[in-house]
Amino acid sequence: MPTQLSYGFVCGFCSGYAMRKVGQVGAVVFGMGFCALQTLSYCGYVQVDHSRMKKDFENLLDLNDDGKIDKEDIDILSEKVMKVLSYNVPGGSGFAAGFVGGIRSGR
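Since we're looking at a predicted model, the values are computed, not measured.

Peer 1: How should I be thinking about a nonpolar patch on the surface in this particular structure?
Peer 2: Together, F57, L60, L61 and I69 line one region of the surface with nonpolar side chains, adding up to about 370 Å² of accessible area. As for its placement among the helices and strands, F57 is situated in helix α2 (residues 50-61).

Peer 1: How should I be thinking about the layout of surface pockets in this particular structure?
Peer 2: Over the atoms rolls a probe the size of a water molecule, and its path tells where empty space is left. Its boundaries defined by the atoms lining it, the largest pocket holds a volume of some 200 Å³. Around the largest pocket sit M19, I74, L77, S78, V81, M82, F99 and I103, which together line it. Contributing elements (two or more residues each) for the lining of the largest pocket: α3 (71-85) and α4 (92-105). A per-element tally of the lining of the largest pocket places α3 first, with 5 residues. Among the residues making up the lining of the largest pocket, the classes are represented as 7 nonpolar, 1 polar and no charged.

Peer 1: Any chance you could explain the pattern of salt bridges here in plain terms?
Peer 2: Side-chain pairing between opposite charges can occur once the charged atoms of the two side chains come close. Counting across every chain of the model gives 3 salt bridges. For K54, the salt bridge goes to E58, with nearest N and O atoms at 2.8 Å. With a gap of 4 residues between them, K54 and E58 both fall in helix α2, about one helical turn apart. As a salt-bridge pair, K71 and D75 come within 3.2 Å of each other at their nearest N and O atoms.

Cut-off values and rules
- Residues numbered from 1 in each chain as written.
- Predicted model: local features only at pLDDT ≥ 70, side-chain atom pairs only at ≥ 80, totals over all residues.
- Heavy atoms only, no water.
- Patch = residues over 30% accessible without salt bridge, like charges linked within 9 Å, V, L, I, M, F, W, Y side chains within 5 Å.
- Areas by Shrake-Rupley, 256 points an atom, 1.4 Å probe, with all protein chains shown as cover.
- Salt bridge = Lys/Arg side-chain N within 4 Å of Asp/Glu carboxyl O.
- Helix = DSSP H or I, 4+ residues; strand = E, 2+ residues; numbered from the N terminus.
- 1 Å grid on protein atoms, 1.4 Å probe; cavity = no way out; pocket = protein on both sides within 12 Å on 5 of 7 lines; lining within 4 Å.
- Points joined across faces, edges and corners; volume = space filled by probe spheres on them.
- Nonpolar A, V, L, I, M, F, W, Y, C, P; charged D, E, K, R; others polar.

Interpretation note: all reported values are geometric properties and have no functional meaning in isolation.
Here it is in structure tokens:
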């Protein structure tokens, strides 16, 4: 049992750490893309339909289809992610604890 808990914790910690880093890189890429798109729009090279982009983005993130993005949607997303990442991992509770620890330490 301690081996399974340790294995699950280490896998969870590493996964959480990696998810945090990927999220940070994703935020930088998204931000740079937005800046580039706004610059091209400002210079007259492209025309951006921000209202359509906002609608599509909200539809993508509204997981419970209630018309708004709120804590319930975040809870649904986190449950789905944890279900996928902890599938068939021995010591699943250790994985969850390690995942949270990895997310928090990846600063």
